[in-house]
Amino acid sequence: MRCASLRVPLDYSHPSGRKITLALSEVPATAPAAQQLGDLLVNPGGPGASGRSLAAVVATRLDRSVSAKYNIIGFDPRGVGASVPALHCDPSFFAGARPDYIPANQHEEQVLIGRAKRYATDCEHRYGWLLPFMTTADAARDMDAIRVALGQQQISYFGYSYGTYLGQVYATLFPHRLRRMVLDSVVDPRGVWYADNISQDYAFEGRIRAFFSWVADHDAVYHLGSTEAQVQQAWGQARARLEAHPVPGPSGPMIGPDEFDDTFLQGGYSNSLWPSLADALAAYLHQHDSGPLGSVYQEVGTQPENLFAVYNAVQCSDVNWPRSWAKWNADTRRVFRTAPFLAWDNAWFNAACAFWPVRGPARPLQIRGAGLPGILMIQGTLDAATPYRGALMARRLLPTARMVVVLRGGNHGQSLAQPPNTCVDGYLNNYLGTGALPQRAGLVNAVCPATPLPSPGG
């Protein structure tokens, strides 16, 4: 793998003005020159996730005959990771156990509103010069600057999650610069971003209930209840205990109810985590042993503040959010009545956008599909982070796309997963290797089965 940096304009309307720096990585093509297919940019999503390591993952997990044909290029988008500057608004924001996401009264809600306001203010004070130029459209222009720096007329692109929205925006702004594009776990571009987050709330409720049902099916292993409701009750008992007595860390309280929620939320993204989450819950409730919970929290539940800062900087600026907290409150309470797992968590994760110093446009960028090459879309029907209905809308907006649907697939990111879905990866390798797409008529052009649910213990 090779590393590089690229200076790009802060503001593309003033290309000779202030510059910022992007960090890039590359796994070079190894096939004979006559067989090579150019450059494949990859993005893992977020917004705010570092993309440099994804180049090696894609190069390793694609069929070797396919990966050898591409220069596979990862990049940290502006503000992310090793790019300069890396956005940090309040490095201590996630330190220690935080106030409960679910406010018990108006005072507790005001405390959380105050945290959101301070975070937005801290971002403005530290990076007010950068925030107006952190939109997805700016990131798409950065991608095209990478293409120019590589000396290519066209690039190919492979994005997951938010990376699918970045791909849709790039395709809209630079339709003739795309050779091939893969969109896995697809964002609904109409709902960017307030409505999309509410859609997530309902979908993640389904995923946490699926987890509770799975634990109940293995009651002989975990002894947390033989029904979904009993397991949910056990989970709630653990959460209440953590609110009263957070798990201590090296420098004070470490795991309270928010950190508990953040950890179990990751099980909604990948059911491969279900055994370790169930083990941690059982050890905490039965043996009063917080060690497994601490381990899984450190592994998947911690919140990188740089990712959070960029997440807000991008989403709050892409489109103008509701500025009345009364609307947020009413919408969240309505969702909470039927989908309590994520409702308040998601509201507070995005709440800084109610007070953000940059006001985006009234409506999201209109995605246009004219003039595009064939596109491969991959989507699980039970994906919670990017729900299926929204992916179908994106499919309608991109008429040259063909969609592979994973029936009852709940994981976020269906391709190149561990364990692999050989059906999905077959379509992916065939498309990237030859350009061939599934040809069944309609919005859904091929169907794959989901990989089996995990067994207890792994």
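Anything mentioned here points back to the structure above.
What comes next concerns the included structure.

Cut-offs and rules
- Residues numbered from 1 in each chain as written.
- Predicted model: local features only at pLDDT ≥ 70, side-chain atom pairs only at ≥ 80, totals over all residues.
- Heavy atoms only, no water.
- Pairing = 2+ DSSP bridges.
- Helix = DSSP H or I, 4+ residues; strand = E, 2+ residues; numbered from the N terminus.
- Axes fitted to C-alpha atoms, helices over the stretch in contact; angles between N-to-C directions.
- Parallel < 35°, antiparallel > 145°, perpendicular 65-115°, else oblique.
- Left-handed = near helix turned anticlockwise from the far one by under 90°.
- Contact = heavy atoms within 4.5 Å.
- Nonpolar A, V, L, I, M, F, W, Y, C, P; charged D, E, K, R; others polar.
- Phe/Tyr/Trp six-rings, centres within 6.5 Å; stacked < 30°, edge-to-face > 60°.
- Buried < 20%, exposed > 50% of the residue type's maximum accessible area, 1.4 Å probe, protein only.
- Lys NZ or Arg CZ within 6 Å of the ring centre and 35° of its normal.
- Expected span 1.5 Å × (residues − 1).
- Polar contact = N/O pair within 3.5 Å; in protein donor to acceptor, adjacent residues only side chain to side chain.
- Right-handed = clockwise from strand over helix to strand, strands pointing away.
- Core = buried A, V, L, I, M, F, W, Y, C linked by side-chain atoms within 4.5 Å.
- Salt bridge = Lys/Arg side-chain N within 4 Å of Asp/Glu carboxyl O.

## Quick look at the sheet that holds strand 4 (residues 71–76)
Ordered by their spatial adjacency, 9 strands build an open sheet running 1-2-4-3-5-6-9-10-11, and the pairing between neighbours is mixed. The open sheet has two free edges, formed respectively by strand 1 (2–9) and strand 11 (446–449), since each of these has just one partner strand. Taking each pair of neighbouring strands and ignoring which way they run, the sheet shows an average axis angle of 20°. Here strand 3 (residues 39–43) runs beside strand 4; their pairing, made up of 4 bridges, is parallel.

## Things to note about the packing of helix 6 (residues 194–217) against helix 10 (residues 274–286)
At a closest axis distance of 11 Å, the pairing of helix 6 and helix 10 adopts a crossing angle of 70°. When the axis of helix 6 is compared with that of helix 10, the two are roughly perpendicular. For the pair helix 6 and helix 10, the crossing hand works out as right-handed. Facing R207, A210, F211, W214 and V215 of helix 6, the residues of helix 10 in contact are W274, P275, L277 and A278. When its residues are assigned to classes, the contact of helix 6 with helix 10 shows 8 nonpolar, no polar and 1 charged.

## Details of the packing of aromatic side chains
As enumerated under the stated definition, the model contains 31 aromatic pairs in all. Ring centres 6.0 Å apart and planes at 90° place the aromatic pair Y194 and W321 in the edge-to-face group. Of the two residues, Y194 sits in helix 6 while W321 sits in the loop between helix 12 (305–318) and helix 13 (325–338), which places them 127 residues apart along the sequence. Of the two residues, Y194 and W321, neither departs from the other in class, the shared state being buried. Sitting over the face of the ring of W129, R18 holds its NZ or CZ atom 3.6 Å from the ring centroid. For R115, the ring lying beneath its charged end belongs to F93, and the centroid distance is 4.1 Å.

## Quick notes on helix 16 (residues 422–434)
For helix 16, which comprises 13 residues, the first-to-last C-alpha distance of 18 Å matches the rise-based estimate of 18 Å (1.5 Å per residue) to within 8%. Within helix 16, burial applies to V424, D425, L428, N429, Y431, L432 and G433. Of the residues that open helix 16, the one with a side-chain oxygen 3.2 Å from the backbone nitrogen of C423 is N421. G435, located one to two residues past helix 16, shows a positive phi value of around 85°.

## Observations concerning the pairing of strand 9 (residues 375–380)
In terms of burial, strand 9 is a largely internal element, 6 of the 6 residues being buried. Here strand 9 shows two buried faces, one formed by I375, M377 and Q379 and the other by L376, I378 and G380. Of the strand pairs in this sheet, strand 6 (residues 178–184) and strand 9 are connected by 4 bridges, and their pairing is parallel. Following the sheet pairing, D184 is matched in strand 9 by I378. In this sheet, strand 10 (residues 401–407) lies alongside strand 9 in parallel orientation, the contact comprising 6 bridges. The residue bridging I375 from the neighbouring strand is A401, located in strand 10. Handedness of the β-α-β unit built from strand 9, helix 15 (residues 388–397) and strand 10 comes out right-handed.

## Digging into the nonpolar core
If you look at the biggest cluster of nonpolar residues, it comprises 85 residues, and the most contacted ones within it are L87 and W356. Not counting chain neighbours up to four residues away, the residues in contact with L87 comprise G79, Y127, L130, L131, M134, E305, N306, A309, V310 and A313.

## As for the pattern of salt bridges
Pairing between side chains of opposite charge can happen when the charged atoms of each approach one another. Using the criterion set out here, one finds 14 salt bridges in the structure. Linking K327 and D331 is a salt bridge whose minimum nitrogen-to-oxygen distance equals 3.0 Å. Highlighted residues: K327 and D331, both in helix 13, separated by 4 residues, approximately one helical turn.

## Description of the packing of helix 9 (residues 257–269) against helix 11 (residues 291–301)
It is the contact of helix 9 with helix 11, at a shortest axis distance of 9 Å, that shows an interaxial angle of 70°. Classed by the angle they form, the pair helix 9 and helix 11 counts as roughly perpendicular. Here helix 9 runs over helix 11; the crossing is left-handed. Facing E259, F260, D262, T263, F264 and Q266 of helix 9, the residues of helix 11 in contact are L293, V296, Y297, V300 and G301. Counted by class, the contact of helix 9 with helix 11 contains 6 nonpolar, 3 polar and 2 charged residues.

## Topic: the side chain of S185
When you line up the elements, S185 lands in the loop between strand 6 and helix 6. Among the polar contacts made by the side chain of S185, one reaches the side chain of D383 at a distance of 3.4 Å. Leave out the neighbours within four places in its chain, and S185 touches S161, T164, I378, Q379, D383, T386, H412, G413 and Q414.

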